[in-house]
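# Fold and contact review
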Amino acid sequence: MSEVMLDLEEALAEVLAVHDRGMLARAVVVAEVLDGDGERSLSVLTTPGVPEWDALGLCRYAVLSIEGPAAAFFTGDDE
C-alpha cells in the first residue's frame, strides 16, 4: 500500500468528518495534475483495499448520478 494512498484516506476521512458527511468507507479520486514541466496527466487514486472492479463501479455510479441532472440543466428540462 503506497504512502500517498494512506495519506489520501486520512485526508478524506478528516474532511468528511469535519463537514458531518459521515464515515469514509472507500473512495476513488480522479484528478488532473500538472508536472514540473506543465504537462497534464490524469491520476486515479483509491483508498487502500479498493479492488479495481469496485473502483470502476464507484466511478460508473458517480457518472450516472451526475449525467441526469447535467442533461436536464443543459436541455432546460425541469425533471
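## Quick look at the overall build of the chain
Counting secondary structure elements, the chain contains two helices and two strands. Of the regular secondary structure in the chain, the N- to C-terminal order runs α-β-β-α. Reported as C-alpha extents along the three principal axes, the dimensions of the chain are approximately 45 × 35 × 30 Å. Out of the 79 residues in the chain, the part that is buried amounts to 10%. A fraction of 31% describes how many contacts in the chain between residues 6 or more apart in sequence connect residues 24 or more apart. For the chain, the computed accessible surface area is about 6,500 Å², with 58% contributed by carbon and sulfur atoms. Each charge class in the chain was averaged separately, 4 positive and 16 negative side chains, and the resulting centres sit 6 Å apart.

## Brief notes about the environment of Val-63
Mapped onto the elements of the fold, Val-63 is located in helix 2 (residues 52-75). By relative accessible area, Val-63 is classed as partly exposed at 33%. Note: C-alpha distance between Val-63 and His-19 (44 residues apart in sequence) is 23 Å.

## A word on the packing of aromatic side chains
All told, the structure shown has one aromatic pair when counted by the stated rule. Plain terms: the ring middles of Phe-73 and Phe-74 are 5.1 Å apart, the flat faces sit at 80° to each other, and that makes the pair edge-to-face. The burial state of Phe-73 is the same as that of Phe-74; both residues are exposed.

## Some remarks on the environment of Leu-12
Within the secondary structure, Leu-12 is located in helix 1 (residues 3-18). Once the C-alpha coordinates of Leu-12 and Leu-24 are considered, the two residues, 12 residues apart in sequence, prove to be 7.3 Å apart. Apart from the residues lying within four places of it in its own chain, the contact partners of Leu-12 are Leu-24, Ala-27, Val-29 and Thr-47.

Thresholds, definitions, all that
- Residues numbered from 1 in each chain as written.
- Predicted model: local features only at pLDDT ≥ 70, side-chain atom pairs only at ≥ 80, totals over all residues.
- Heavy atoms only, no water.
- Helix = DSSP H or I, 4+ residues; strand = E, 2+ residues; numbered from the N terminus.
- Buried < 20%, exposed > 50% of the residue type's maximum accessible area, 1.4 Å probe, protein only.
- Contact = heavy atoms within 4.5 Å.
- Areas by Shrake-Rupley, 256 points an atom, 1.4 Å probe, with all protein chains shown as cover.
- Lys, Arg positive; Asp, Glu negative; His and termini not counted.
- Charge placed at Lys NZ, Arg CZ, Asp CG, Glu CD.
- Phe/Tyr/Trp six-rings, centres within 6.5 Å; stacked < 30°, edge-to-face > 60°.

None of the figures reported here should be taken as evidence of function without further support.
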